[in-house]
Amino acid sequence: MKTWIKSLAALAALGGSLLAAHPAAAQQAGTQFMGILGYRVGPYGANGAAFFTGMIDYLNLVNERDGGINGVKLSWEECETEYNNAKGVECYERLKTRTATGPTAIHPMSTGITYGLIDKAPVDKVPLITLGYGRTDATDGRVFPWVFPILSNYWDGATGIVKFIDDREQGSLKGKKIVLLYHDSAYGKEPHPVLEAEAAKHGFELRMIPVPHPGNEQQSQWLQIRQYKPDWVILWGWGVMSATALSTAQKVGYPRDRMVGIWWAGSEIDTEAAGPAAEGYYAASLNLAGKDFPVVRDVEKFVYARNKGGDPRLVGTVLWNRGLAAAMFTVEAVRTAQGKYGKKPMNGEQARWGIENLNIDQKRLDQLGFGSMVPPLKLSCADHGGSGLVRFQKWEGGKWKAASDWMSGDRALIRKMVEESADKYAKEKNITPGCMKG
Amino acid sequence: MFYREAGQYKTSYGADQALLPIRQDRHGFALLMAIAALGVPLFANDYWLTAILIPFLVFSLAALGLNILTGYAGQLSLGTAAFMAVGAVAAYNFELRVPGMPVLVSFLLGGLTAAAVGVIFGLPSLRIKGFYLAVATLAAQFFIPWLITKVGWFSNHSASGVITAQPIEILGVAFNTPLRKYLLVLAIVALLALLAKNLVRSRIGRAWMAVRDMDVAAEVIGIRILRTKLTAFAVSSFYCGMAGALYAYAYLGSVEPDGFNLDLSFRILFMIIVGGVGSILGSFLGAAFITLMPILLEVALTQANAAFNLNLGPGVTSMAQLLVFGGLIIFFLIVEPHGLARLWQIAKEKLRLWPFPH
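Residues numbered from 1 in each chain as written. Chains lettered and ligands numbered in written order. Predicted model: local features only at pLDDT ≥ 70, side-chain atom pairs only at ≥ 80, totals over all residues.

### Brief notes about the overall build of chain B
(1) Moving on: What chain B contains, in helices and strands, is 14 helices and four strands.
(2) Moving on: For 358 residues, the compact-globule estimate of 2.2 N^0.38 gives 21 Å, and the C-alpha radius of gyration of chain B, at 22 Å, lies within 12% of that figure.
(3) Moving on: When burial is assessed residue by residue, chain B has 47% of its 358 residues classed as buried.
(4) Moving on: For chain B, the share of sequence-separated contacts (at least 6 apart) that also reach a separation of at least 24 residues comes to 75%. (Helix = DSSP H or I, 4+ residues; strand = E, 2+ residues; numbered from the N terminus. Rg over C-alpha atoms; globule rule 2.2 N^0.38 Å. Buried ≥ 20, exposed ≤ 12 C-beta atoms within 10 Å, placed from the backbone. Contact = placed C-beta atoms within 7 Å.)

### So, the interface of chain B and chain A
(1) Moving on: Between chain B and chain A, the residue contacts involve 36 residues of the former and 37 residues of the latter.
(2) Moving on: With eight residues, helix H12 (residues 280-307) of chain B is the single largest residue contributor to the side of chain B that touches chain A.
(3) Moving on: When grouped by side-chain class, the residues that make up the side of chain B that touches chain A number 18 nonpolar, 13 polar and five charged. (Nonpolar A, V, L, I, M, F, W, Y, C, P; charged D, E, K, R; others polar.)

### Let's talk about the packing of helix H8 (residues 192-202) of chain A against helix H16 (residues 411-429) of chain A
All names here are of chain A.
(1) Moving on: Taken N-terminus to C-terminus, the directions of H8 and H16 make an angle of 130°; their axes are 11 Å apart at the nearest point. One element, H8, and the other, H16, form an angle in the oblique class. Between H8 and H16 lies a crossing whose hand is right-handed. Contacts between H8 and H16 involve Pro193, Val194 and Ala197 on the former and, on the latter, Leu413, Ile414 and Met417.
(2) Moving on: Partitioning the contact of H8 with H16 into residue classes produces six nonpolar, no polar and no charged. (Axes fitted to C-alpha atoms, helices over the stretch in contact; angles between N-to-C directions. Parallel < 35°, antiparallel > 145°, perpendicular 65-115°, else oblique. Left-handed = near helix turned anticlockwise from the far one by under 90°.)

### Here we look at the confidence of the model for chain A
(1) Moving on: When pLDDT is averaged along chain A, the result is 87, and 93% of the positions lie at 70 or above.
(2) Moving on: Low pLDDT, under 50, characterises residues 1-5 of chain A; the predicted model gives this stretch six contacts beyond four residues in sequence or across chains. (pLDDT = per-residue confidence, 0-100.)

### What to know about the pairing of strand S9 (residues 282-285) of chain A
All names here are of chain A.
(1) Moving on: Burial of the side chains of S9 extends over both faces: Tyr282 and Ala284 are buried on one face and Ala283 and Ser285 on the other.
(2) Moving on: The pairing of strand S8 (residues 259-261) with S9 spans two bridges and is classified as parallel. In the sheet register, Val260 faces S9, and the bridge partner there is Tyr282.
(3) Moving on: Following the backbone out of S8, through helix H11 (residues 268-274) and into the adjacent parallel S9, one traces a crossover that is right-handed.
(4) Moving on: Bridge count for S9 against strand S12 (residues 389-396) is four bridges, and the pairing is antiparallel. What sits directly across from Tyr282, in S12, is Lys394. (Pairing = 2+ DSSP bridges. Right-handed = clockwise from strand over helix to strand, strands pointing away.)

### So, the environment of Phe143 of chain B
(1) Moving on: With respect to the helices and strands, Phe143 of chain B occurs in helix H6 (residues 131-150).
(2) Moving on: As for Phe143 of chain B and Gly79 of chain B, which are separated by 64 residues in sequence, their C-alpha atoms are 9.9 Å apart.

### Some details on unusual backbone geometry
(1) Moving on: At Tyr83 of chain A, a position not held by glycine, the phi torsion is positive, near 60°.
(2) Moving on: With respect to the helices and strands, the residue Tyr83 of chain A is situated in the loop between strand S2 (74-80) and helix H3 (85-96).
(3) Moving on: We note that Leu171 of chain B has phi near 50°; this positive angle belongs to a residue other than glycine.
(4) Moving on: Residue placement: Leu171 of chain B occurs in the loop between strand S2 (169-170) and strand S3 (173-174).
(5) Moving on: Judged by local crowding, Leu171 of chain B falls into the exposed class, with 6 C-beta atoms found within 10 Å.

### Regarding H12 of chain B
Because each turn of an α-helix spans 3.6 residues, side chains separated by three or four positions end up pointing in the same direction.
Residues and elements named next belong to chain B.
(1) Moving on: Its 28 residues place the ends of H12 39 Å apart at the C-alpha level, agreeing with the 40 Å of an ideal helix rising 1.5 Å per residue.
(2) Moving on: The largest bend in H12 is about 35°, located at Leu292, with the proline Pro294 one to four residues further on.
(3) Moving on: Note on H12: the residue one or two positions beyond its end, Asn309, has a positive phi of about 55°. (Expected span 1.5 Å × (residues − 1). Bend = angle between axes of the 7 residues up to and from the residue.)

### Some remarks on the pairing of strand S13 (residues 399-402) of chain A
Residue and element names in this part refer to chain A.
(1) Moving on: In this structure, S12 lies alongside S13, joined through four bridges in antiparallel fashion. Its bridge partner lying in S13, Trp395 is registered against Trp400.
(2) Moving on: What sits between S12 and S13 in their antiparallel hairpin is a turn of two residues, with Gly397 showing a positive phi close to 60°.

### Overview of the packing of helix H3 (residues 46-72) of chain B against helix H7 (residues 178-201) of chain B
Residues and elements named next belong to chain B.
(1) Moving on: H7 packs onto H3 with a crossing angle of 20° between their chain directions and a minimal axis gap of 10 Å. If you check the angle between H3 and H7, you find them roughly parallel. With respect to the hand of their crossing, H3 and H7 are arranged in left-handed fashion. Within the contact between the two elements, H3 uses Asp46, Leu49, Thr50, Leu53, Ile54, Leu57, Val58, Ser60, Leu61, Leu64, Ile68 and Tyr72 and H7 uses Pro178, Leu179, Lys181, Tyr182, Val185, Leu186, Val189, Leu192, Ala193, Ala196 and Val200.
(2) Moving on: Residues that form the contact of H3 with H7 fall into these classes: 19 nonpolar, two polar and two charged.

### Remarks on the confidence of the model for chain B
(1) Moving on: Within chain B, residue pLDDT values average 88, and 97% of them lie at 70 or more.
(2) Moving on: Predicted as a complex, the structure gets a pTM of 0.85 and an ipTM equal to 0.79.

### Re H7 of chain B
Residue and element names in this part refer to chain B.
(1) Moving on: Between its terminal C-alpha atoms H7 stretches 34 Å, which fits the 34 Å expected from 24 residues at 1.5 Å a residue.
(2) Moving on: Pro178, Lys181, Tyr182, Leu184, Val185, Ile188, Val189, Leu192, Ala196 and Val200 are the residues of H7 that are buried.
(3) Moving on: Packing partners of the buried residues in H7 comprise H3, helix H8 (203-213), helix H10 (225-252) and H12.

Right under this line is the structure:
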């Protein structure tokens, strides 16, 4: 009898703490609050940890070095999504009403969560920034005013990879066999239509092989690949799947220098986990790795030296640098919005205007200390995407080495497909395409 | 003392067979429903409605469906999420392809489609039992999401296989705010739970339990095994299908077939194990435990982190939450292997005797 009373009491105590749930770290009034949907556990946790550490390190840098954005300090709260769509939606609901100004802009860092939030964002007036992932046709800002797939989207990535392979094959892909080995989720399916269009255009044979979540078992997929004998394998992996693909490829004897990964399968986390099996592997990239940028030195000086940093081992890795850049774009969007609405915390609508009117040219990138880490970015209502540039790198001797310059895929094909797809969405949802004012 | 039925005389068979024969239960239940329907809208904010109460109700409905099959009819199933997927996708397609289709009818048809699919996958249950049947339902779990992804027609040829639920409108009222969605889900779940409660007390429910307890004996007394098992599969899948439709329309808004994976099936199975196998109340308690406890732990840990200045990184709190959650499940299963519903029953008995136990 005593036991159940005790357990009931424990339950009641826990229940009480939930009812009294106030914002965990009381957000100071007058700060620019950022809601962060992060993940650091599970099969994608290592990748997420690198990205979100970079993001938070940059927010710390802005507070420590500049005292905020034009004097408006930044505050933030991270909520663990485990890369799970339902948990992502729960986190989003939790963070969206934390402060009067909302979560500024959300980086869902998951194509699945992005899809879950696309319909909620316009209602709640929360902009979504999907840097190098998410729904590709959202590039058409007239149909998706609240979604920003900035830098490059998956179709840029896919056509960029085809072009890269085309260059290796001396400009002819006719009769070649290419396999897309993809993560069986919204993320992995995103490049299908554009790759099919590319296959028809260039005359190569395309076979698409799914790997179920989380992808740590790929024996049967690689047996299929061995039988099919493709000329190239495009690896569309994330988390533990990418490293497993590389080591399984070694096991079945498929050459790694005939494998090209998308940018999410091209971080040190993937190649180091695969060990020597990763030698010679190519991957697309959105940003350069390394510590050789003024902004990274600033982070070390103002954040890590003051004991506010996340994890010194991650500094300068591909995903950490990408997190840094993602935070920079949000901060610059707020700065842009402040230019129009005044130096105070921006709400979702104002931040949205700031993102849509972002114009970060090379000069501004140099001022910010990013140099050539990311390409310049200029957005407009019609184009929520940006340059679409992608760069290839090769894993050699324990380091990523550049294998190409910044290049772009088949932009004309992509724009046509984006507009078709966005129009279809607009019809389904009864949206009249148009630009938002203010 | 608080819970004593002394002095409550039943003078008719109707009163004796009532769903809630004891007055305190009736009052308690009426109070609970009043709080859910009237009190919650007054006090709950959007976060509570969309992130806690709606998923809780939706998962309760799915757990109820599985409980009918596993708890009452004794057929172990690992295909719950797949039947939810059928419900969601079928409702989406009825709504999309039939002009002017009322959304509630779409939900119902989604549930019925799931029931039909459930019957097909239930057919092997006549020959195979126990864990072997679980493996047969596992086939549904892998086949259905694969089929939905493979055949583009199901998701209206969406590039990434994601279906986006259409807006809900019933008799000219748009259910577009969290509060309205909550009330809609509450109404549907309450109605279906009431139906389930009556169903398990009826002839068909007793037949399920007879088959569960000993199928040979049930056959000897004249229960048709095939029909009984298949109705269990049909009713269970109908509930799961409705839950799937609500999951897509009222909770997430857009779902990918991949979301209805084995993890979700296991989660729902854990709900009924923790809540109580073979109990309607248990489905609700289990769903509450499995959906709310992780959120509660995360909030509690973040608060503890802030209050005591532990300076733990976000990664550490996430890991700790998983550890504590796993520990709690084991704790509850050791304290009461029959689930939270049994705990509640014991509590009622104790309250009846308190403060003068024999």
